[in-house]
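Notes for the structure review
For reference, the chains in residue letters:
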Amino acid sequence: MRRLSLTLPAILLAAPVAAADLNVTVQIPQLNVAEYHRPYTAVWVEREDHTVAAQLAVWYAQKESKEGAGTKWLPELRQWWRRGGRDLQMPVDGVSGATRPAGEQKLSFHQGKAPLTELAPGKYELVVEAAREVGGREVVRVPFTWPAASAQQLAGQGSTELGAVKLDLAP
Amino acid sequence: MTKHSVKWGAIALALALPFAAQAHKMWLVPSATNVSGADPWVTVDAAVSNDLFYPDHMPVQLDRVTITQPDGQTAKAENALTGQYRSTFDVHLTEAGTYKIAAVNGGLFASYEADGQKKRWRGEAADMAKAIPANAKNVEFSESINRVETFVTNGKPSDGALKPSGKGLELMPITRVTDLASGEAATFQLLLDGKPAANLKVMAIAGETRYRNAQEEIDVTTDKDGKFSITWPHAGMYWVNASTQDNKSSIKQAKVRRLSYAATLEVLPQ
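Here's what I pulled together on the structure shown here. These figures come from a predicted structure and were not determined experimentally.

Points about the pairing of strand β15 (residues 201–206) of chain B
Residues and elements named next belong to chain B. Judged by which residues are buried, β15 turns out to be one-sided: Val-202, Ala-204 and Ala-206 face inward and are buried, whereas Lys-201, Met-203 and Ile-205, on the alternate face, are not. Where β15 meets strand β16 (residues 218–221), four bridges bridge the pair, whose relative direction is antiparallel. When the sheet's bridge partners are listed, Val-202 is paired in β16 with Val-220. In this structure, β15 lies alongside strand β18 (residues 236–246), joined through five bridges in antiparallel fashion. Paired with Ala-206 across the strands is Tyr-238, a residue of β18.

Below, the structure is given as structure tokens:
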């Protein structure tokens, strides 16, 4: 019993050091338009050479159809599509999901745990792209260095299809 | 001779003339260049016109169209129709990868004098003997090979359909045709009979010419390896064209061989 009480706090203290966190908040703006559809959205991490280091999320219409539900329109996320979206076979466990409503969407990722996996130390960009049916398209990028030496709050700002994109890094 | 074949002869001649820049432009425009989903289709417009890409002059003959699947096999043009100004057809992309859609026009041309008049003839080499009258003077033959292409990719791009035929002018993408974006440079290689076509002028013009007052041609020249780069000033559908002539005709009577190539390529916004 005495040994356990010693080891438990040790594990709790050690855990944050071993698993660096990457927390993303994507704000999907409330839009006052006649015809509104929730945006298709992709979130990924790009290396300096624009190759994809991690696919974090892709939200698209899930309703079944002969054309393969929303997968028909995934190339509308143009930059995501050519940077690596087209290499994926949908659905991707832990990455793909339904479109999200307006508001703040929070995502948490941990170093070494899918879909973030092992991110090598270096310079990256968090990229968020949104494309809306009968609406517009926008890409927001947030540069960061991995792993973070200390806790960091980084942010990017969209102007039309995306609101604030926050990136919180925990060392 | 029907009205149509007269028109066809005229346009074929116009395309074969050395000053290709002044000729009408032949093009294929797909409704999408990148598709996805369980059952993707595209519809293609095929026409000859001055303005890009507005069908206002002649349709492309459907029997000239070849669709090459990612596995190199030929796919059928579905729901094909030829109207007054354009042909349209659908492509059912049953395979993943890059499809090449091509229209190849070619043939033998003759100019001669008979009964004191200058005449012209266009047709196949086999019909040449009976088409040119026995009393024809100053008969001159030329051959032409004109290739027009566009590309559509279902999912991940592939190279299987891009193998050159080795005949006439052809384009080999070095930058993937799916990856063209405004402000970025794209590199291609131009081939003549399957070999690098060095020192040839290549011209690119963006579509929607109707809504601007200049052609805004982008001119580049191929290097010794037949390679050239274009930095796209903005997003849109571009018509990329090259033409040349030589004396390497496969038809022995033809002293001159005229060659042209054009591709319709989509450039996406950043």
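A few points about the sheet that holds strand β7 (residues 137–146) of chain A
All names here are of chain A. Strands sit in the order β4-β3-β2-β6-β7 across an open sheet of five strands; the sheet is mixed. This sheet does not close on itself; its edge strands, each paired only once, are β4 (96–97) and β7. By the bridge criterion, eight bridges tie strand β2 (residues 40–47) to strand β6 (residues 122–131) in an arrangement that is antiparallel. Paired with Val-43 across the two strands is Val-128, which belongs to β6.

Digging into the nonpolar core
Membership of the largest hydrophobic core comes to 57 residues, with the highest contact counts inside it found for Trp-27, Val-91 and Leu-190 of chain B. It is strand β19 (residues 254–267) of chain B that contributes the most residues to this core, six residues altogether. In contact with Val-91 of chain B, not counting residues within four places along its chain, are Trp-41, Val-42, Val-44, Ile-67, Ala-75, Ala-77, Tyr-99, Ile-101 and Val-152 of chain B. Of all hydrophobic cores here, the second largest spans 34 residues; its members include Val-45, Val-58, Ala-131 and Leu-167 of chain A.

Definitions and limits used
Residues numbered from 1 in each chain as written. Chains lettered and ligands numbered in written order. Predicted model: local features only at pLDDT ≥ 70, side-chain atom pairs only at ≥ 80, totals over all residues. Buried ≥ 20, exposed ≤ 12 C-beta atoms within 10 Å, placed from the backbone. Helix = DSSP H or I, 4+ residues; strand = E, 2+ residues; numbered from the N terminus. Pairing = 2+ DSSP bridges. Core = buried A, V, L, I, M, F, W, Y, C linked by C-beta atoms within 7 Å. Contact = placed C-beta atoms within 7 Å.

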